[in-house]
Every structure is written in C-alpha cells, then in structure tokens.
Amino acid sequence: MLIDRPPLRRRLRGLRHRERQGQPFDQGLGKLWQAIQASQSLAERRRAQTPRIEYPPELPVSERRHEVAELIQANQVVVLCGETGSGKSTQLPKICLDLGRGLFGRIGHSQPRRIAARSLAARVSQELKAELGTVIGYKVRFHDRVRPETSVKLMTDGILLAEIQHDRLLHEYDTLIIDEAHERSLNIDFLLGYLKGVLPRRPDLKLIITSATIDPQRFSRHFDGAPIIEISGRTYPVEVRYRPLEEESAGERDESMQLAISRAVDELALVGQGDVLIFLSGEREIRETAETLRKHHPPSTEVLPLYARQGPGDQAKVFQPHGRRRLVLATNVAETSLTVPGIHYVIDPGFARISRYSHRTRVQRLPVERVSQASANQRKGRCGRVASGVCIRLYTEDNFVARAEYTEPEIQRTNLAAVILQMKLLGFGTIETFPFIDPPDPRLISDGYRTLEELAALDDSGNLTALGRQLGRLPVDPRVARMLLAAAEHHCLREVLLIAAALSVQDPRERPLDKQQAADEIHATFHHGDSDFLGVLNLWNFLEKERARLSKGKFRKLCQQHFLSWNRVQEWCDIRIQLRAQLQEMGLRENEAAGTFEEIHRALLAGLLSNIGFKEEQREYQGTRGSRFHIHPGSGLFEKAPKWVVAAERVETTRAYARMVARIQPGWIEDAGRHLVRRTYSEPHWQAASGQVAAYEKVTLYGVTIVPKRRVNYGPINPGEAREIFIRFALAEGDFQTRAPFWRHNRELIEYVQHLEAKSRRRDILVDEEAIYAFYAERVPEGIYSTPLFERWLRRATRSQPKLLHMRISDLMRRDAAEVTQQAFPDRLRVGATELPLEYHFDPGHASDGVTLVVPLPLINQVSRERTEWLVPGLLEDRITALLRGLPKQIRKAFVPIPDTASRVAQRLVPSDRPLVQVVAEALKEMTGFQVPEDAWDLAAAPAHLNMKFRLVDGE
C-alpha cells in the first residue's frame, strides 16, 4: 500500500537502478525508509482524527451512498448528477473518507467561488463534529485553514489550478471532487481538460465530477464514457407561477420590477410563513431592492443580502438559525454554489450579469441578460426541500420557453490571454489542441494571442519570451502584470503596485442611490486633476494615514462615512501584500524615491496600449481598432477632456465609456508600443545640407495616429530606395557637397557639354540623367545612401582605383557636336584693342537667354552697337532670318524662301563695325536687284535671344 504511492514508487525505482549500476544505495534506501515512515505516520494521524461518519437521512445522497461508493471504488472517473439540494457537495467528501481515501493523499474538493468553499468546509466540519481546519480545511485567496493532518481540502478552482505549477501530477491528492462542473467556468473547463491527461499517469487518482441536471453526458463523453449516477434532490413538489410585469421593465432597478418583487413577496406571505430567496443580477440591484423591501415590510421580516464579495461574517448570517421570516436577496452565487437553508419560496426576475468579451472591440462587458432555461430551473430547485415550494417567475411561460437551453461556457465568451499564457508557462501545448470539453471560439483564441503579443509576452514564433515567463508568475491579469514589470523599469513600483492591486478588486467607492450627491462630493476630494490613477493613490494615502491612528472599529466607521466598502478596502490591502511578496520573490524591489507622473503613466501604458484615445469632436475619443468612446462622468477628467488619454477599462452600458483615465503624451505611447506601432513613410527626398535621404514618417497604433508627420532619416529604413535617391539626386543631378577630385572633374565635363548645348541652342548633346545615374549606379555599391557613407567608401575604393568615378567626355555626349566650333561660337569678342568674354545661355524666356557680352565699366564707351548687332558667326544666319521675316509682306515676298535667302546672305558677309541691316540690304540688292528701304527694317522683330545682351562689371 505504501510503496504504491507514486512519489515513493519513483524513489524505489531510482534505488533499483543504482543497484543495477553497482552503486551504493544504503543512504538512498535510508531516505526512502524515512519517507515511508513519514507517510505512514501522517496517514495514521489522519485516520486517528477522522470521526465516526454519519449521514443526514433526509438527503437523497445519503440514501444511495452505498451505490455511489461502489461506483467510486470501481471506476477512476465518476460523474454524479444531482439536483439542487441533493446533498452531493456535503456528503461526497464523507463517502470518500468512508472508503479510506484522504489518508496517504488528500481529498481535494474544488468550488467555483470562495464563499462556497468556506461555507461547505464549515458545514462538513459541523456534520463531522470536528474543528474546522483539522479533518476538514479550506484554502482560498488570502485564507489558508489547512494543516498537514487535514484529509479533506475545500478550495476554489483557481487554487487547484495554481497548485499545478509546482505539483504537475497533483501528488498531494488521492481523490479530486470537481464540484458544480455544470457552471462551465473557465477554471473548470481548464481543470477537466488537464485532468484528462493526468489520469492515465495517476491510476491511483480518483476523479468525481458533480453536476446539476445540466447535460452530464458531455462530461461522460469527455472522460471516455465515465459512468453517470443521477440522484434526485427535491423531496417536495414545487409550484411554478408566472407573474409577468404589468409594464415592460428596463431592468431590476426599474420601478415596475421593484413593484412586481414586492407583490410577489406579498403573495408568498399568504401561502405560508417560509423564507424567500430572491435572485438579482448584482450588488447594486440587491441594495436597492433591499431598501424597497425594508420600507414595504414590517421589522419582523429580516432582509439579508448574499453575494460573493461580502465578508465571511456577513455571508455567515444567511446560514445562522433564526426565528423571523427572511427575505434573502442573492446573486446567482445561490443558484448552484450555495444551498441557503430554510428556503420555502423563490422569486426569479429572470436576469443575471453574464460576462462577455468582444474580440472586435476588445472590451469585457457585463451585460444583464435573461438567464437560460437550465439556470431558471436551478433557481426553482432552491425551494421544495423543506416543504412544498412555490417559485414565482416574473415573466411569461412563453418567455421561458423562448430562452436558450443552456448558458454558454465561459471559455466561449471570455478573453483567453491569461489561459494561453498559463498553458504555455506550464507546457500544456497549444490552446487549439488542448482537450477542452467545448473548444473556444477561434476568434477569441486569435484575440488572446494578439493580447499577449501586445504585451510582448510572445515572440514572432508564438513562444514565450523571458518577459512572458515573468508575466505568468504574477497572479493577476496579464495586462496588470505587464504594468508591474514596467514599473520596476521606470522606478515607480511602489505606486503602480497600489494601482495594480486596486485594478484587481472591485472599486471600493460606493454610491448609494439615495446619497449619490453626497458620495460624489466626498469621493471628489480624492480626485487628481490629470489622472484617476493618481486619485486612487490619493485615496490609499488617506486610508493608510487614518488606519494608523484609528482602531479597527473606528476605521470601519470612517470607511462608511466616506462611502467606501470596508471589505473591498481590506481586499485591496490583501492583494497588495500578496503581489508585493511575489514581486520580491522575483527580485523586484519598490522604489525609495517617489515615482513621477510621467514614470507612473509610462508604466501603466505598457499594459493598456489598447485603451488609448485621441479626442476628436464633441468630447468623443477615437480609440484603437476603429472604436469610439467617452470619458465616464464619474472620472475626475470628465470636464477637462484632455487631448490624449489612457483608460484602465472600456465598458459598454448605455454607451461606450472609458473608466479610470489619465492624461498622457503621444510620445509615451510610441515608446511603450514600440513593438506594435505601424510606421509608414512618404515623400522620400534628398537633403544636401544634412547629406542624407529624408522622409516623412507617420506612426499609428491600432489605427490611432500617434505621429501624423515627422521627418526622419530614410536610409536605414529602406537602404535600397535611399541609395537610388542618393545617386539620382546627389550624384546624377549634382545636388551634392564634396571636395572629392572626381566631383570637380565630372562637373567641369558636364558644364563643358552644357556650354556646347547653350551655344548650339539644342538639348541633344549631353546625355540624359538616366545615363549619368547608370554610370554611378554601376560603380557605387549597395548600402551607400548618404554623404558620410559615400565618402568613407570612396576613400577606401580610390586607394586602388583613383579614377573609379572619373567620367570621360564620351560618357556625357550623345553625338560629336561638330558644328559647335570655336570660329562659329567664339568665347571672346574683340572690341577695339580688347577681347571681351562672351557668355552663352540656353533658357528660353529667361533674361539671360542667348549671348551676353561682359563689359568692364571703364570700357563701356568702346563697345560699338553696330558691331554687337552681328552677334557671333554661328547665330548670324538665324538673326538675318528673323530680320527678313520682320519685313513687310510686299517686300518679304521677293526673298522667299526666307531660310535659303538668309543662308546665302550670311555666306557673303564678313562682320564689321557697319550696321548689320545696311550690309544685308546691299547683299540682297546684289543678289536679287531689289532695294530694301532703310525704314522697312524692324530690329525689334528678332527674338530676344538673337539680340546681344550686356553685363557690366566693375572692380568688385
């Protein structure tokens, strides 16, 4: 029996291996024997403290306990399907103890909620007449009442999941009871999928799955046809009465619904003097309905709330003996998780808050929805246990029939980021292949991966990063965990730790319906003008200061006076302590100097990048992925409406709101989301002054423009395109600043060819820019896209090839330009005894287009107008042609075709100081016999470029 325990069996195999290897094993054998003795001793202590077990005869499970025990003994997995009130939750641990389970390994009994784990542990201990924490113990968040001798351990599903990290095969347990499996919470589905793989490796482990009468066949099929045993729970008949509202209601807090609940209570008072269980969707609905019922009923009627976030003392009141009639107002925590004693009647408005996550907007919503038929029947089953019962449904029978048969499993309507993270951390494989009873929506899976990528928890291959492993070690939402790790980097861990703890609990600030204005005024004293997060810190600092000087009772009263929930304040403190201890284990320490506004909000942004917003028109914000939202009216920034904000959460109620917001700078977003932002570039261009290719960068995050237009160095971003732009605009077009010899040489050659084109007034001599670009592109290697890079390369390259980039005249000319001779287009013109320079410019429309004579000021009187009328030999024929075309038509007819006449005249002339028109007129008379009158010539008829231009220069 002892050697059959898996840990001891493994150690024995190790000793046998050492024996076969010829190694000494006396010491190992001694340790094994010590382990066997310790296990035997613990088992004996557990057996000794187990009391005589008795079963309440009125419970259906008690009647069939022998049948249940035989099934457990004969099968590794059993599905026990019991109606509400059958006693399955309280009696199953006792049946397992009777079978001898819980001695060498514990009986683990998981519950979806803390309140159920605590109350069940207390109830079973009471039935066994044992002190809580001995035979029966419980472990929930912040409370551990388990000793080594404890045989039955009540806990939440989340606690059991957490234990898998350090006990992969769950060796602590020999029996596991997964209770309320029909709720199909995320934790339950995860546990059932994981246990499917554990059971073949732990043949000694028994698994009992309990479910209400809600599709138990699913669980049986999941565990390869595990046997199902069904046990009836109701011992008295229940009458269902449908009492629809007279007027359509907008919700449970609506006046018509409140009136209907009061009338239903009155109706049941006429039936008999039993307790009434009223189901409501949330705490606020419970508080308002309680107030309505207290005003409506006499003091002899006790009105008690029951919800998951109550303190243990307040919850315990519901289970205490009493003599007065009770109205218990509960959320769906009382639907299946808890059995409230003494309930004769049920009132069911038919609503519940169902958490739903939108993968499109990435918003977790808590809408109030109609409960399914299965949930409605569970609520009905809460009465009829102590006497004949009545269930009043505040809707029609047709409405009931039209409802969904079952509530969707949580895994099909929640954000899966935390699940994926834990699965990867624990090595469970991918979520797509994990054996869930119902696989999650592929869209939710994709969204979970996107969330983890946003947090930099996964690499491009989908594997956990070092940061992702750290995130998985923190027992909070991955987004909150990311804030904490970023806070350590930004030296503000102390402040962000408090904010993270606050985000992990329900807001401690209360706002009673009849005192909303008073509550708002007191809460406003903690507001911070630029950040609701810092408003939370203001509240914490106030509470810590007051806690230090007040007794526990006075501090509780202070919380009440400031409209704060004392229970939630305590939970806030507990979570802070837990997170702080975990961070210290990870080697992270709180900052001594106070974190600045910027440091704190940079850290928060690391986990909230999906919740940024940019203000547009009418105080509406553009959010990520095309969403729109408004700042919630309860925010301290509602009136200011900053240009950029980040929010802790976005919720949808009557409209899309951002809660817990803060003013931020877009630069902080870019830094925090560097791995996520999308950068697009436009208008790449060459900048000669800086010697680099620049472009305009646009930065967006999930569709929100962070930087609309910013000039950046484009070379490292797109080296290939930047190189092309550098060569084309810097080298080929000449917009370049360098002293390199090749550059001076090439520019002189290009200018020479351009000078030939200016003289000939044609653009067909110099090669086009593509040819010059091709020359450089062929020689300049890849990766050269800026002046500094080019010059470094050139210095190295020209050591072996000094003329590598030197052009030849043949590289630049399309044709030989033989007509452009020095005789036809001289560079100087003799004026008297001096030769003055001539400049040629080919740019039609420009003032300097044509030929320009550069005249020093002292020589201005020596320049003969008549001589300059002759221009230069290469342009003389064109000038004569223009003059002939300017003649009156009756004269011009004598010289057609004009170009031929002009060519023959030009060949006969020799430039002189005589007026050009006189010489041309004489030549025409000789050639044709026709005399052109002197006043017929129109010197203005010649185009501007066929008139000599002058540029006067002085000594400067």
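To keep things clear, this report deals only with the structure shown in the data block. All values reported here derive from a predicted model rather than from experimental measurement.

Rules of the game
Residues numbered from 1 in each chain as written. Predicted model: local features only at pLDDT ≥ 70, side-chain atom pairs only at ≥ 80, totals over all residues. Heavy atoms only, no water. Axes fitted to C-alpha atoms, helices over the stretch in contact; angles between N-to-C directions. Helix = DSSP H or I, 4+ residues; strand = E, 2+ residues; numbered from the N terminus. Parallel < 35°, antiparallel > 145°, perpendicular 65-115°, else oblique. Left-handed = near helix turned anticlockwise from the far one by under 90°. Contact = heavy atoms within 4.5 Å. Nonpolar A, V, L, I, M, F, W, Y, C, P; charged D, E, K, R; others polar. Pairing = 2+ DSSP bridges. Patch = residues over 30% accessible without salt bridge, like charges linked within 9 Å, V, L, I, M, F, W, Y side chains within 5 Å. Areas by Shrake-Rupley, 256 points an atom, 1.4 Å probe, with all protein chains shown as cover. Salt bridge = Lys/Arg side-chain N within 4 Å of Asp/Glu carboxyl O. Buried < 20%, exposed > 50% of the residue type's maximum accessible area, 1.4 Å probe, protein only. Arc of directions from axis to C-beta. Lys, Arg positive; Asp, Glu negative; His and termini not counted. Charge placed at Lys NZ, Arg CZ, Asp CG, Glu CD. Polar contact = N/O pair within 3.5 Å; in protein donor to acceptor, adjacent residues only side chain to side chain. Phe/Tyr/Trp six-rings, centres within 6.5 Å; stacked < 30°, edge-to-face > 60°.

### Topic: the packing of helix α19 (residues 493-503) against helix α23 (residues 566-585)
Part 1: Packing of α19 against α23 brings their axes to within 8 Å, and their N-to-C directions diverge by 130 degrees. Here α19 lies oblique to α23, going by the angle between them. Handedness of the α19/α23 crossing: right-handed. Residue-level inspection shows Leu-493, Leu-497, Leu-498, Ala-501 and Ala-502 of α19 in contact with α23, the latter providing Trp-572, Ile-575, Arg-576, Leu-579, Arg-580 and Leu-583.
Part 2: The residue makeup of the contact of α19 with α23, split by class, is nine nonpolar, no polar and two charged.

### Considering the sheet that holds strand β5 (residues 152-156)
Part 1: In space, the eight strands of this open sheet follow the order β4-β3-β5-β2-β6-β7-β1-β8, with mixed pairing throughout. Edge strands, defined here as strands with exactly one partner in the open sheet, are β4 (143-145) and β8 (228-231). Taking each pair of neighbouring strands and ignoring which way they run, the sheet shows an average axis angle of 20 degrees.
Part 2: Pairing geometry for strand β1 (residues 77-82) and β8, over four bridges, is parallel. Its bridge partner lying in β8, Gly-82 is registered against Ile-231.
Part 3: Strand contacts of helix α5 (residues 88-98): β1, β2 (106-111), β5, β6 (173-178) and β7 (206-211), with the helix running at about 170 degrees to β2, the strand carrying the most contacts.
Part 4: In the packing of helix α8 (residues 186-198) onto the sheet, contacts are made with β6 and β7, and the angle to β6 comes to roughly 140 degrees.

### Structural notes on the packing of helix α4 (residues 65-74) against α5
Part 1: Running from amino to carboxyl end, α4 crosses α5 at an angle of 60 degrees, the nearest separation of the two axes being 10 Å. The orientation of α4 with respect to α5, classified from their angle, is oblique. Here α4 and α5 pass one another in a crossing that is right-handed. Contacts from Arg-65, Val-68, Ala-69 and Ile-72 of α4 reach α5 at Leu-92, Ile-95 and Cys-96.
Part 2: Classifying every residue of the contact of α4 with α5 by side-chain character gives six nonpolar, no polar and one charged.

### Comments concerning a nonpolar patch on the surface
Part 1: Taken together, the side chains of Leu-857, Ile-860 and Leu-952 make up a nonpolar region of the molecular surface, amounting to roughly 250 Å² of accessible area.
Part 2: In this structure, Leu-952 sits in strand β30 (residues 949-953).

### Some thoughts on the pairing of strand β10 (residues 275-279)
Part 1: Across the five residues of β10, five count as buried, placing the element largely inside the fold.
Part 2: Of the two faces of β10, the one lined by Asp-275, Leu-277 and Phe-279 and the one lined by Val-276 and Ile-278 are each fully buried.
Part 3: Bridge count for β10 against strand β13 (residues 343-348) is four bridges, and the pairing is parallel. Residue pairing for β13: Asp-275 is matched across the bridge by Ile-343.

### Details of helix α17 (residues 466-473)
Part 1: Of all the residues in α17, the buried ones are Leu-467, Gly-468, Leu-471 and Gly-472. An end-on view of α17 places all buried positions within 140 degrees of arc, on one side of the element.

### Things to note about the sheet that holds strand β11 (residues 301-306)
Part 1: Judged by pairing direction, the sheet is parallel, and its six strands sit side by side in the order β9-β18-β13-β10-β12-β11 without closing on themselves. Here the strands that pair on one side only, and so sit at the sheet edges, are β9 (238-242) and β11. Each neighbouring strand pair of the sheet contributes to a mean axis angle of 20 degrees, computed without reference to strand direction.
Part 2: One ladder, built from five bridges, connects β9 with strand β18 (residues 389-393); its direction is parallel. Paired with Val-240 across the bridge in β18 is Cys-391.
Part 3: Those strands touched by helix α11 (residues 283-296) are β10, β11 and β12 (325-330), and its axis lies near 155 degrees from that of β12.
Part 4: On top of the sheet, helix α13 (residues 373-380) reaches β9, β10, β13 and β18; it is set at about 140 degrees to β18, its chief contact.

### As for α5
Part 1: For α5, the buried fraction is high: 10 of the 11 residues fall into the buried class.
Part 2: Within α5 the residues assigned to the buried category are Lys-88, Ser-89, Thr-90, Gln-91, Leu-92, Pro-93, Lys-94, Ile-95, Cys-96 and Leu-97.
Part 3: After α5 finishes, the residue Gly-100 shows a positive phi value of roughly 90 degrees.

### Considerations on the environment of Pro-858
Part 1: Take Pro-858: it is sitting in the loop between β29 (850-856) and α31 (865-868).
Part 2: Exposure remark for Pro-858: the relative accessible area of 69% places this residue in the exposed category.
Part 3: Spatially, the C-alpha atom of Pro-858 lies 9.1 Å from that of Val-953, the residues being 95 residues apart in sequence.

### Points about the side chain of Glu-757
Part 1: Note on placement: Glu-757 falls in helix α27 (residues 741-760).
Part 2: According to the relative accessible area criterion, Glu-757 is buried, its value standing at 4%.
Part 3: In this view, Glu-757 contacts Arg-762, Arg-763, Asp-764, Ile-765, Leu-766 and Phe-842; residues no more than four positions away in its chain are not counted.

### Digging into the pairing of strand β26 (residues 704-713)
Part 1: Pairing of strand β25 (residues 692-701) with β26 involves seven bridges; the strand directions are antiparallel. The residue bridging Val-699 from the neighbouring strand is Val-707, located in β26.
Part 2: Joining the antiparallel neighbours β25 and β26 is a turn of two residues, in which Tyr-702 adopts a positive phi near 50 degrees.

### Section: unusual backbone geometry
Part 1: Omega for the bond connecting Val-896 with Pro-897 falls within 30 degrees of zero, at -5 degrees, which places this linkage in the cis form.
Part 2: Along the chain, the position of Pro-897 falls in the loop between α33 (889-892) and α34 (898-908).
Part 3: Despite not being glycine, Met-660 has its phi angle at roughly 55 degrees, a positive value.
Part 4: Take Met-660: its relative accessible area is 17%, and that puts it in the buried class.

### A few points about a negative patch on the surface
Part 1: A cluster of acidic residues, Glu-733, Asp-735, Asp-768 and Glu-769, forms a negative patch on the protein surface.
Part 2: Topologically, Glu-733 is positioned in the loop between α26 (719-732) and α27.
Part 3: Looking at Glu-733, the relative accessible area reads 38%, which means it is partly exposed.

### Description of the side chain of Glu-302
Part 1: By secondary structure assignment, the location of Glu-302 is in strand β11.
Part 2: A distance of 3.1 Å separates the side chain of Glu-302 from the side chain of Arg-326, its partner in a polar contact.
Part 3: Sequence-distant contacts of Glu-302, defined by excluding residues within four places in its chain, comprise His-322, Arg-324, Arg-325, Arg-326 and Leu-327.

### Structural notes on the packing of aromatic side chains
Part 1: Going through the model one piece at a time under the given rule, you end up with 22 aromatic pairs.
Part 2: Each ring, one from Tyr-681 and one from Tyr-714, has its centre 6.0 Å from the other, and the planes form 55 degrees; the classification is tilted. Here Tyr-714 lies in the loop between β26 and α26 and Tyr-681 lies in strand β24 (residues 678-687), a separation of 33 residues in the sequence.
Part 3: Among the residues examined, Tyr-681 registers a relative accessible area of 29% and is labelled partly exposed.
Part 4: You can call Tyr-714 buried: its relative accessible area is 7%.
Part 5: For the ring pair Phe-790 and Trp-793, a centre distance of 5.7 Å and an interplane angle of 45 degrees mean the geometry is tilted. Linking Phe-790 with Trp-793, this pair stays in helix α29 (residues 787-800), spanning three residues, or about one helical turn. Neither residue differs from the other here; Phe-790 and Trp-793 are each classed as buried.
Part 6: An aromatic cluster is present here, built from Trp-686, Phe-726, Phe-736, Phe-742, Trp-743, Phe-775, Tyr-776, Phe-790 and Trp-793 joined pairwise through their rings.

### Considering the pattern of salt bridges
Two side chains of opposite charge can pair, provided their charged atoms sit close to one another.
Part 1: With the rule as written, the count across this model stands at 57 salt bridges.
Part 2: Among the salt bridges present, the one from Arg-479 reaches Glu-454, with a minimum N-O distance of 2.8 Å. With a gap of 25 residues between them, Arg-479 in helix α18 (residues 478-489) and Glu-454 in helix α16 (residues 442-454) connect regions that are remote in the sequence.
Part 3: For Arg-479, a relative accessible area of 14% translates into the label buried.

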